[in-house]
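Now for the letters of each chain:
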Amino acid sequence: MEIYRIIDVNLNRAREGIRVLEEVARFSLANRKLFEEFKRLRHFIKEIEKSLAGNPLWYRDAQNDPGQELSSEEMARNNLREVVLANAKRAQESMRVLEEFGKLLDAAIVPNAKKARFLLYDLEREVLALIKSAVDLTLYLLTDDAYLNEEKFWRVIEDCLKNGVTAFQYRAKGKKGAEMYREGMRLKELCEKHGVSYFVNDRLDLGMALNADGVHVGQEDLPLEVVKKHFPGKIIGLSATNYEEGITGIKAGADYLGLGPIFPTSTKEDAAPPCGVEVIRKLKEEFPNTPVIAIGGIDKEKVSEVIRAGADGIAVISAVFGAESPAKAVYELRETIIKAKE
Ligand SMILES: Cc1ncc(COP(=O)(O)OP(=O)(O)O)c(N)n1
Ligand SMILES: Cc1ncsc1CCOP(=O)(O)O
Ligand SMILES: [Mg+2]
């Protein structure tokens, strides 16, 4: 009898998890194909239930189920990605339980539960990839110690986030972990408030501790594959200073490239020589699906040229933080990008 209860609870769990994923596909991603696949999967699970000799419902006893209370983990969801991860996991685990207890009750359900579990792994990957590609890297603002330590920084940064920055990277070179955690957290909260994607430069540990949307690594930082392995489902960007590094990075699975310096820059002392806009064109011709974000010496006058060469966005420091009015600079850069993309 308790086996039927276990089966009942897990059939319900799986259906609930899949239902949430179905709504994400339908309303958040507006993806009909995925929406229909989740719906089919839910019906498939209904069929598993019907195929059982007994009816699990006869044994339902929700009142006396000690596992009914929500754990604090179940209540905390910070974004769509976490909703997807939690609900996919819930449905996959339920299928695993069905596989195990099905062996005691009705071996015929085992292969079907397994099939559903593997389908869920594939669908979860597809949904997460779509969520990642929904991140807007059009106007990506980075910090630099010189500006970060200015007194006016906190006022300036909020103005920038309000006026058109779409992604932000916490990039600090000369600070200790405790300060970076405090500062990084304060910046993450501001980004969340303004709907701006939040990245951490160089440091996987800090990115994980802050639950950032992603981490950006350069050629001399932790290897891309290591960062991808330890921060699954997050957006991992890679710097490329030329065509060869760009190709290697794309093939290694970078979610986007930070390509540059495109033009001379005085912000980064150890920057490679400028690579020019033609590299953008070549990379985008060969790999149109990987976002290329141009960086280095980009200001209002140069934006159109990099966007017309095919860049998906620009990453800037001095054009914004060095401007008399950073908020105005952000606004104008955004307008120019939009026009150049038309
Ligand atoms: C978006 C983006 N592109 C390039 C870089 C540069 O990374 P890296 O070469 O590792 O140099 P530092 O920024 O760490 O000095 C970046 N941070 N972001
Ligand atoms: C971090 C970085 N990586 C390549 S160039 C650069 C500095 C970009 O700063 P600026 O926009 O002021 O040229
Ligand atoms: Mg770096």
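Residues numbered from 1 in each chain as written. Chains lettered and ligands numbered in written order. Predicted model: local features only at pLDDT ≥ 70, side-chain atom pairs only at ≥ 80, totals over all residues. Heavy atoms only, no water.

(A) Local environment of the side chain of E99. Of note, E99 is situated in helix α4 (residues 80-105). Take E99: its relative accessible area is 3%, and that puts it in the buried class. At 2.6 Å, the side chain of E99 and the side chain of R117 are in polar contact. For E99, the contacting residues outside a window of four places in its chain are V110, A113, K114 and R117. (Helix = DSSP H or I, 4+ residues; strand = E, 2+ residues; numbered from the N terminus. Buried < 20%, exposed > 50% of the residue type's maximum accessible area, 1.4 Å probe, protein only. Polar contact = N/O pair within 3.5 Å; in protein donor to acceptor, adjacent residues only side chain to side chain. Contact = heavy atoms within 4.5 Å.)

(B) Inspection of helix α15 (residues 326-341) at higher detail. Between its first and last C-alpha, α15 extends 23 Å over 16 residues, near the 22 Å set by a 1.5 Å rise per residue. Taken together, the buried positions of α15 are occupied by P326, A327, A329, V330, L333, T336, I337 and A340. (Expected span 1.5 Å × (residues − 1).)

(C) Summary view of the domain arrangement of the protein. Partitioning the protein into structural domains gives domain 1 (2-132) and domain 2 (136-341). Domain 1 puts five residues into the contact, and the matching count from domain 2 is seven residues. Across the interface of domain 1 and domain 2, roughly 550 Å² is buried in total on both sides, 38% from carbon and sulfur atoms. On inspection of domain 1 and its partner domain 2, the count reaches zero salt bridges. Seen at the junction of domain 1 and domain 2, the total is three residue pairs in polar contact (both at pLDDT 80 or more). The residue inventory of the side of domain 1 that touches domain 2, partitioned by class, reads no nonpolar, two polar and three charged. (Domains from an automatic or database assignment. Buried area = accessible area lost by both parts, 1.4 Å probe. Salt bridge = Lys/Arg side-chain N within 4 Å of Asp/Glu carboxyl O. Nonpolar A, V, L, I, M, F, W, Y, C, P; charged D, E, K, R; others polar.)

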